[in-house]
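If you want the building blocks of each chain, they are given just below.
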Amino acid sequence: MAAGTFLEVKDLKISFPTDDGLVKSVDGLSFQLERGKTLGIVGESGSGKSVTSLGILGLHNKRNAQVSGEIWLDGDELVSAGAETVRALRGNKMAMIFQDPLSAMHPFYTIGHQIIEAYRVHHKVSKKVARKHAIDMLGRVGIPQPERRVDDYPHQFSGGMRQRAMIAMALVNDPQLLIADEPTTALDVTVQAQILDLMHKLQEEFNSALIVITHDLGVVAELADDVLVMYGGRCIEYGTARTIFEQPEHPYTWGLLGSMPRIDRPNLDRLVPIPGLPPSLINLPTGCAFHPRCAYEPRTGGLGRSLSPELAGSGQPGHLVRCHLPTDERQRIWREDVKPKLEAQ
Amino acid sequence: MTDQGATAEQADAVRLSDPVPDDVILRERADKGDPLLSVKGLEKHFPIVKGLLRRQVGAVRAVDGVTFDVYRGETLGLVGESGCGKTTTGRLLTRLVEPTGGSIDFDGRDIAHLRQGKLRPLRRDMQMIFQDPFSSLNPRHTVGTIVGAPFRIQNVKTEHGIKRAVQDLLKLVGLSPEHYNRYPHEFSGGQRQRIGIARTLALRPKLIVADEPVSALDVSIQAQVVNLLDDIQREFDLTYVFIAHDLSVVRHISDRVAVMYLGKVVEIADRDDLYTRPRHPYTVALMSAVPVPDPARRDRAQRERVLLTGDVPSPINPPSGCRFRTRCWKAQEICATEEPPLLPRLGDAASHQTACHFPIDDAEEVAGRSSRATA
């Protein structure tokens, strides 16, 4: 483990046996994260991003999920660790913000009760002290009159407030690793802006490592230092946010950028979508999982159909791409073919 | 949140530019032809009843006085956050619900209070695409039955039979004719949305109201469906009312855009006008909130962002005067007492109308104010 690395995931594989066959949701994922840094994981539904986050937190049921590989959190290995060990870390050293706060919170208990419970699981303190801490936390995430709202039930909060309460609950034990799974997808844009702003400030304050999982490239550009693009359960491109948005080299990343209408650019005639559908995780295409949708597959000379490419280094240091095309050709295609088309937007 | 300085000058500037000669408005209208759909003072108040006698104790004013025109062949985008009344407006336009007040002129006829029997023939001309591709298709019907239903309901005879017509429609929206006998669960979200679009197109409508048609789809699929909507609009000369909360998609697809807040239209303008020179503080806040996929501009975007505080007020008891005033950083006394009419402001063209007493002059001003709004 390199110095400064706080979380290291090595060759993580998570699959689920079903009647139709083995669903390989995550297939050999590796990445590292330092404290104070933000990693954005981008991908479409079924690309394995949420399964990865649940895997790190040890939330997969061992009876129906097969997890292998290594997850190192600050010197502890989590995959082989017992349920008790992981439970002691979960909510304490690592915490999660879920997408839908209405279903992630218990409707029968007050917001305060749930935050107090989360705190007292990991701290031997009286209810009174924990309650004070909960009120303090609610105030810090920007809930007005926290001493009154602490006794409200989740349904009495608006969507944005509920998400703030969720963040308060996740942060109550001062976690060093925070995973946010589509934290703003259920929210309106103006509320999303508030929440993103809040997460940014809190991360600076707590110096935690943050993983943001989203399908929204705008959110990633806003928060992430590094970006990991997933497709069919694998990482297909990894690099700094600047690299991924300014010099992406994987055809799928190009496709994502072309699919997205942008508010900051005058209109283009047509979007450039990715043809076809995301692959089934039971029957991944042979060779490169993206080859049936890839416009540049013919240029690999049949390699794309037969052989799965390795995740290999590219021009920039730390930039990894899983593609058969030679680096200089990818860079040329991006420069001459794809980028002008996107900028014509 | 009131602003003390520079008030008198601003107020004067507004007054000076307010009156617009009628002939200017008429000329603008004439350029675009006559509207296919013309909505005036549209209202929908849902009653709140209480007790055994189901006495009405109040009303949710979901749509509260909305006026706009939709011209033939254009796309009007309707944006706003949840609860602003955009979906209810869409349902009123297609008369899935009956308005409490106002008029809806569709193709020269007021349809606001038509009875069901009289409405049915009109449904051929106006169709709706729904948000959720899962609940809007009957899971027990085959694709053939679903897409063929409009023909059967309207008793339309097709040249080569309904099956052939349905298969042609499936091809048109990028599905295969072999899908005729399949069930909705066999399709992905994007494909289901295509089935919904095929059904919409069956009777060659004039107007399509699309309510968040792409928000449930993945990014790459979203682009496919947006392109499909573009193509069929060109091919069949369709008029769209496109309801969405995603301002980037609306910018891409619309010719004109109306921004709604708490049951009212606060700003309506040609697309480029609206996105380059937004006048209403709410429009400015809404647009600055959209995350831009460009990490190089991250810091600038965050600095210029106008963060609104608080939540949208309840439509049961909307604020007096301007409804946005409770969250607006420019609000003053007049905003609480007098509701600003939807008018061209600061010398805008007649097509760019804003309902604000203190419209925003240029982008610089916004950057200066943002810090105050967050404080």
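Residues numbered from 1 in each chain as written. Chains lettered and ligands numbered in written order. Predicted model: local features only at pLDDT ≥ 70, side-chain atom pairs only at ≥ 80, totals over all residues. Heavy atoms only, no water.

An unreviewed UniProt entry lists chain B under the name Peptide/nickel transport system ATP-binding protein, from Pseudosporangium ferrugineum. What UniProt records for chain B under Sequence similarities (unreviewed entry) is the sentence "Belongs to the ABC transporter superfamily." (UniProt positions renumbered as here; feature names shortened; annotations may be inferred.)

As recorded in an unreviewed UniProt entry, chain A goes by the name Peptide/nickel transport system ATP-binding protein, listed as coming from Pseudosporangium ferrugineum. Quoted verbatim from the Subcellular location (unreviewed entry) field of UniProt, the annotation for chain A is "Cell membrane". The record in UniProt for chain A states the following under Sequence similarities (unreviewed entry): "Belongs to the ABC transporter superfamily."

**Student:** Looking at this model, I keep getting lost on empty space enclosed by the protein. Mind explaining?
**Tutor:** Where empty space is left can be seen by rolling a probe of water-molecule size over the atoms. Residues and elements named next belong to chain A. The final tally for this structure, using the stated rule, is 5 cavities of 30 Å³ or more. As a volume, the largest cavity reaches approximately 90 Å³. Cys288, Cys294, Thr300, Cys323 and His324 are the residues nearest the centre of the largest cavity, which is lined by 15 residues in total. (1 Å grid on protein atoms, 1.4 Å probe; cavity = no way out; pocket = protein on both sides within 12 Å on 5 of 7 lines; lining within 4 Å. Points joined across faces, edges and corners; volume = space filled by probe spheres on them.)

**Student:** Help me out: how do you make sense of the sheet that holds strand S1 (residues 35-50) of chain B in this one?
**Tutor:** The strands making up a sheet associate through backbone hydrogen bonding, with each pair oriented either parallel or antiparallel. All names here are of chain B. With antiparallel pairing, the 4 strands of this open sheet are ordered in space as S2-S1-S4-S5. Both edges of this open sheet fall to strand S2 (55-71) and strand S5 (109-110), since each of them pairs with a single strand only. Alignment of S1 against S2, held across 13 bridges, turns out to be antiparallel. Counterpart to Pro47 in the pairing with S2 is Ala59. (Pairing = 2+ DSSP bridges. Helix = DSSP H or I, 4+ residues; strand = E, 2+ residues; numbered from the N terminus.)

**Student:** I tried to follow the interface of chain A and chain B on my own but got confused; where do I start?
**Tutor:** Many structure descriptions define interface size as the accessible area lost when the parts assemble. Each partner contributes to the interface: chain A provides 48 residues, whereas chain B provides 42 residues. Surface buried jointly by chain A and chain B totals about 4,000 Å² across both partners, of which 54% is contributed by carbon and sulfur atoms. When residues of chain A are sorted by the area they lose upon contact with chain B, Thr190(A), Glu222(A) and Ile263(A) head the list and together hold 18% of the total. In this assembly, chain A and chain B are joined by 1 salt bridge. Seen at the junction of chain A and chain B, the total is 10 residue pairs in polar contact (both at pLDDT 80 or more). At the level of secondary structure, the elements contributing two or more residues to the side of chain A that touches chain B comprise helix H8 (189-206), helix H9 (217-223), helix H10 (241-246) and helix H11 (251-259) of chain A. Of the residues forming the side of chain A that touches chain B, the biggest block, 8 residues, is contributed by H8(A). In the side of chain A that touches chain B, the residues fall into 24 nonpolar, 11 polar and 13 charged. (Contact = heavy atoms within 4.5 Å. Buried area = accessible area lost by both parts, 1.4 Å probe. Salt bridge = Lys/Arg side-chain N within 4 Å of Asp/Glu carboxyl O. Polar contact = N/O pair within 3.5 Å; in protein donor to acceptor, adjacent residues only side chain to side chain. Nonpolar A, V, L, I, M, F, W, Y, C, P; charged D, E, K, R; others polar.)

**Student:** Which parts of the structure should I look at to understand unusual backbone geometry?
**Tutor:** Phi is mostly negative for residues that are not glycine, and the peptide bonds are mostly trans. The phi dihedral of Asp11(A) is positive, around 50°, even though this residue is not glycine. With respect to the helices, strands and loops of the structure, Asp11(A) is situated in strand S1 (residues 5-18). With phi around 55°, Asp107(B) is a residue other than glycine that occupies positive phi space. By the secondary structure assignment, Asp107(B) is in the loop between strand S4 (101-106) and S5.

**Student:** Help me understand the domain arrangement of chain A, please; the structure alone is not making it clear to me.
**Tutor:** Each domain of chain A was delimited in the assignment, giving domain 1 (108-172) and domain 2 (242-343). Computed from C-alpha atoms alone, the centre-to-centre distance between domain 1 of chain A and domain 2 of chain A is 44 Å. (Domains from an automatic or database assignment.)

**Student:** Explain the UniProt feature "domain: ABC transporter" (unreviewed entry) in chain B to me, please; I cannot follow it from the model alone.
**Tutor:** Those residues carrying the UniProt feature "domain: ABC transporter" (unreviewed entry) are residues 37-287 of chain B in this numbering. Taken as a whole, residues 37-287 of chain B contains 35% helix and 29% strand, while its terminal C-alpha atoms sit 27 Å from one another.

**Student:** So what exactly am I meant to see when it comes to the packing of aromatic side chains here?
**Tutor:** Centre distance and the angle of the planes are the two values used to describe a pair of aromatic rings. Scanning the model with the defined rule gives 8 aromatic pairs over all chains in all. Aromatic side chains Trp254(A) and Trp334(A) sit 6.4 Å apart centroid to centroid with 20° between the ring planes, which places their arrangement in the stacked category. Of this pair, Trp254(A) sits in helix H11 while Trp334(A) sits in helix H13 (residues 327-343); the two residues are 80 residues apart in sequence, bridging distant segments of the chain. Across this residue pair, the class does not change: Trp254(A) and Trp334(A) are buried. An angle of 55° between the planes, with centres 4.6 Å apart, marks the rings of Tyr261(B) and Tyr282(B) as tilted. Of the two residues, Tyr261(B) is situated in strand S9 (residues 256-261) and Tyr282(B) in helix H11 (residues 281-289); the sequence distance between them amounts to 21 residues. On the basis of relative accessibility, which here comes to 1%, the residue Tyr261(B) falls in the buried class. Ring pairs connect the aromatic residues Tyr231(A), Tyr252(A) and Phe290(A), which therefore count as one cluster. Geometry around Tyr180(B) places Lys163(B) over its ring, the cationic atom sitting 5.0 Å from the centre. (Phe/Tyr/Trp six-rings, centres within 6.5 Å; stacked < 30°, edge-to-face > 60°. Buried < 20%, exposed > 50% of the residue type's maximum accessible area, 1.4 Å probe, protein only. Lys NZ or Arg CZ within 6 Å of the ring centre and 35° of its normal.)

**Student:** Whenever I open this one, the packing of H11(A) against H13(A) confuses me. Can you help?
**Tutor:** Packed helices, taken two at a time, are described by the angle between their axes plus the distance between the axes. Residue and element names in this part refer to chain A. Put simply, H11 and H13 touch, their axes get as near as 11 Å, and they point 10° apart. With respect to H13, the axis of H11 lies roughly parallel. Together, Trp254, Leu257 and Gly258 of H11 and Arg330, Ile333, Trp334, Val338 and Leu342 of H13 make up the contact between the two elements. Taken together, the residues of the contact of H11 with H13 break down into 6 nonpolar, 1 polar and 1 charged. (Axes fitted to C-alpha atoms, helices over the stretch in contact; angles between N-to-C directions. Parallel < 35°, antiparallel > 145°, perpendicular 65-115°, else oblique.)

**Student:** Can you walk me through the UniProt feature "domain: ABC transporter" (unreviewed entry) in chain A in this structure?
**Tutor:** UniProt feature "domain: ABC transporter" (unreviewed entry): in the numbering of this structure it lies at residues 7-257 of chain A. For residues 7-257 of chain A, helix accounts for 40% and strand for 27%, while the C-alpha atoms at its two ends are 28 Å apart.

**Student:** How should the nonpolar core be read in this particular structure?
**Tutor:** The tendency in soluble globular proteins is for nonpolar side chains to be buried as a group. Ranked by size, the top nonpolar core spans 71 residues in total, and within it Ile197(B), Leu229(B) and Leu247(B) carry the most contacts. Considering each element in turn, this core owes the most residues, 7 residues, to helix H8 (residues 219-236) of chain B. When neighbours within four sequence positions are excluded, Ile197(B) is seen to be in contact with Ile129(B), Val173(B), Val225(B), Leu228(B), Leu229(B) and Ile232(B). With 39 residues, the next largest nonpolar core counts Ile135(A), Met137(A), Met169(A) and Leu223(A) among its residues. (Core = buried A, V, L, I, M, F, W, Y, C linked by side-chain atoms within 4.5 Å.)

**Student:** Got a minute to help me understand the environment of His357(B) in this structure?
**Tutor:** Residue and element names in this part refer to chain B. On the secondary structure map, His357 appears in the loop between strand S12 (353-354) and helix H14 (363-374). Once the C-alpha coordinates of His357 and Tyr275 are considered, the two residues, 82 residues apart in sequence, prove to be 20 Å apart. In terms of polar contacts, His357 uses its side chain to reach the backbone carbonyl oxygen of Glu338, at 2.8 Å.

**Student:** Is there a simple way to think about the packing of H8(A) against H11(B) in this case?
**Tutor:** Remark: H8(A) packs on H11(B), axes separated minimally by 8 Å, with the N-to-C direction vectors making an angle of 55°. With respect to each other, H8(A) and H11(B) are oriented oblique. Between H8(A) and H11(B) lies a crossing of left-handed hand. Across the interface between the two elements, Val189(A), Thr190(A) and Ala193(A) of H8(A) pack against Ala285(B), Leu286(B) and Ala289(B) of H11(B). Here the contact of H8(A) with H11(B) is built from residues that sort into 5 nonpolar, 1 polar and no charged. (Left-handed = near helix turned anticlockwise from the far one by under 90°.)

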